[in-house]
Amino acid sequence: MHNVRLALTVSPLSGETPASIGSRLAARNGVRPRDLCSDMGMRWPFLCSGHPDQLALLADVGGLALHHLELWSAQQVRTGHYRVGRTRSSTGVFRRTSSRVCPTCTEEALAEMGRYGAHQLLEWNVLCLFGCERHGMALLDLPRAATSHETYDVVAQVDLHRDLVKRAVDRQQGYEPTEFETYLRGRIYRGPQDDWLRGLELTHLHGACMTLGAVICGAPLQHFSSYGQDQEREFCVEGLRVLSAGPESLLRCMEELKARSRSRRPYYSTDLGAFYHWLRAAHERPELQGLVACVHAFTVRSYTMKPNRRVLGRPVPGVQRMSFDTARRQTGLGVALLERLIGHVEGLSDAETEALTETTPEQLDRALEFWGGLRNLKSTGAALNILPTQVKGLIDKGVLRSIRFGTALRYVYAEDVDLLLAEVAALPEAPGVGSYLLLRDHCRNHRIGLVRLITLWRDGKIEGLARVADVTGLQAILVPQEVEVGAREVQFAPRDLTPLEAAAYLKIGVGAIRALRDAGYLGQAECVNADTNHRHTLITRTSIRAFEARFLTLGQLAKASKVAPIHLARRLDREGVPTVSCGGRNVRAYERSQVAAHGTP
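Throughout what follows, the structure given in this document is the object of discussion. For clarity, every value in this text was computed on a predicted model and none was experimentally measured. (Residues numbered from 1 in each chain as written. Predicted model: local features only at pLDDT ≥ 70, side-chain atom pairs only at ≥ 80, totals over all residues. Heavy atoms only, no water.)

Residues Val126, Leu184, Leu250, Phe275, Leu291 and Val295 are the most contacted members of the largest nonpolar core, which totals 56 residues. Only strand S2 (81-84), helix H10 (179-190), helix H11 (202-216), helix H12 (229-243), helix H13 (247-259), helix H15 (273-282) and helix H16 (289-302) provide two or more residues apiece to this core. Per element, the largest residue contribution to this core is 9 residues, and it comes from H11. Those residues within four positions of valine 295 in sequence are excluded, and the remaining contacts are Leu250, Met254, Leu272, Phe275, Tyr276, Leu279 and Leu312. (Core = buried A, V, L, I, M, F, W, Y, C linked by side-chain atoms within 4.5 Å. Buried < 20%, exposed > 50% of the residue type's maximum accessible area, 1.4 Å probe, protein only. Helix = DSSP H or I, 4+ residues; strand = E, 2+ residues; numbered from the N terminus. Contact = heavy atoms within 4.5 Å.)

For the rest of this paragraph, the subject is the pairing of S2. Relative to S2, strand S1 (residues 76-78) is paired through 2 bridges, and the arrangement is antiparallel. Counted as the bridge partner of glutamine 76 is tyrosine 82 from S2. Linking two consecutive strands that pair antiparallel, namely S1 and S2, is a turn of 2 residues; a positive phi of about 80° is found at glycine 80 within it. In the sheet, S2 pairs with strand S3 (residues 87-90) via 4 bridges, with the strands oriented antiparallel. Within the sheet, the bridge partner assigned to arginine 83 lies in S3 and is arginine 88. The loop that links S2 with its antiparallel partner S3 comprises 2 residues; one of these, glycine 85, has a positive phi angle of about 65°. (Pairing = 2+ DSSP bridges.)

What follows deals with the sheet that holds S3. One open sheet holds the 3 strands; their spatial order is S1-S2-S3, and the pairing between them is antiparallel. At either end of the open sheet lies a strand with only one pairing partner, and these are S1 and S3. Sheet twist, expressed as the mean angle between neighbouring strand axes with direction ignored, is 35°. (Axes fitted to C-alpha atoms, helices over the stretch in contact; angles between N-to-C directions.)

Now for empty space enclosed by the protein. Taken as a whole, this structure holds 2 cavities of 30 Å³ or more when the rule is applied. Counted as a void, the largest cavity has a volume near 130 Å³. If you go around the largest cavity, you meet 19 residues; those closest to its centre are Thr17, Ala19, Arg96, Asn125 and Tyr152. Broken down by secondary-structure element, the contributors of at least two residues to the lining of the largest cavity are helix H1 (18-28) and helix H3 (44-48). For the lining of the largest cavity, the per-class residue count stands at 9 nonpolar, 9 polar and 1 charged. (1 Å grid on protein atoms, 1.4 Å probe; cavity = no way out; pocket = protein on both sides within 12 Å on 5 of 7 lines; lining within 4 Å. Points joined across faces, edges and corners; volume = space filled by probe spheres on them. Nonpolar A, V, L, I, M, F, W, Y, C, P; charged D, E, K, R; others polar.)

This brings us to the environment of serine 435. Mapped onto the elements, serine 435 comes out in the loop between helix H23 (414-425) and strand S15 (436-438). Here serine 435 falls in the partly exposed class, since its relative accessible area comes to 46%. Residues serine 435 and isoleucine 395, spaced 40 residues apart in sequence, show a C-alpha to C-alpha distance of 31 Å.

Another point: the sheet that holds strand S16 (residues 466-467). Ordered by their spatial adjacency, 3 strands build an open sheet running S15-S17-S16, and the pairing between neighbours is antiparallel. Bordering the open sheet on either side are S15 and S16, each of which pairs with just one other strand. Examined bridge by bridge, S16 and strand S17 (residues 477-480) share 2 bridges and lie antiparallel to one another. Within S17, the position partnered with arginine 467 by the bridge is isoleucine 477.

Rendered as structure tokens:
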């Protein structure tokens, strides 16, 4: 049914809604919009909702361009979702029943056309646009009417609240459009831009930009709803700056957010804050899958994950980062040891190692492979068939390499142990002991340490060794009886000595060493055993040398004279050579001058 065209009509403004045009058309003809629609065969509620048949009737009645009415009618696409100009939005940032006007636009139109000049543009219904770009004026929110269809009558609403419009014009509240608002207007009037965000409707675009911008600006999640209009506009600009540049820009931004975390163990829902919580609530929307895939890939790659975890509704393809607690349960090794192993394998500094809070399966595999190539002192001794103290001696002589991981414990490289055993296995097998002695027996008979003999053999200073087949480790070595390595001569104490070592060095009893120490003839220093962290005292090298410069012990004199100590002691007593008095005890040590005076060598 086609209606007769009205004689009094109006000219639509760019972006004006059909409801606004209908309201102005009714005012021009001196009736209410509902009455005009009834007289012309239209239905005012359906016209406000953008029904196509009602738009066609309005175009016929008012002599208007149908394509303009269709473009700016905000037709419903599905429940809660609308076409807004050349883009789409949901009720999140778009309200069809919102009575928002630009005071300056309204005053100018009223002055030019009279009462029917009051109008409303579709962009003013987008809640994240806060002003009129043409006049640089903040939009005015008029009070809502009793019903939504009364709210659509913009002419009646402006008539009712004319004083509010005038006061808003007098205030001259300025407005400068932000980059985000200019970006949104471009979508409404020209369609989505050709960028990564083109598939997002206005509500999702606003939510993504605002929440990401809030995280970038450091807005706490718990206070997010308390921020005002100015902060919201700032957040949107910051978020758009990152998102419009593409997924690489978002990944860099998320890396920066993770890097500035103050938590000992960063977590993605905390680092990404409001942005992650918003995306988690809307992750099922098809148009957001690009954002979801980007954030999912970043979190899986950059944060620790528990097995069978789902992030943004998507399963984790495989644990790419794990906490040290998870690594501890998998490996059975302590967290501190794992941290030091990974720090050593990855070449990290001590500070970087202490800062570790998580690891990757690849790092853990490399650390475990390195750990598998180490032996502790006890297992090394068992493999070489020697004592752990002798293992320490081989380490000190450089025969075996060792490593520490921030503790007193030393670990030997298994390849060095295997190499040493291979060299033993390469020795010719002797048919019988005969002219050979087992390594233990040779060391005992010739009073030479096992470590020294093995060191001389590794240095090529001893030849002719063999092995026996039914003994394991180094004890399988057979040493020719005629091998003579010579006694070890030590002119001076090479280092601080334990009381037992000092007694052997000075050829005196350990009780005498303690007496000389207590009397002040020998000095002592506290130290920590590198392998046990046990604190003990040592006789200092400087005090031993000072003592040697002044005194000679009975054992040293007996060795020089090649007589038994007991016979030399009786002779010295007969000649009246005084001993050293240490409180209530006399120690068999003599002043060099006294010894020389009595002709003792």
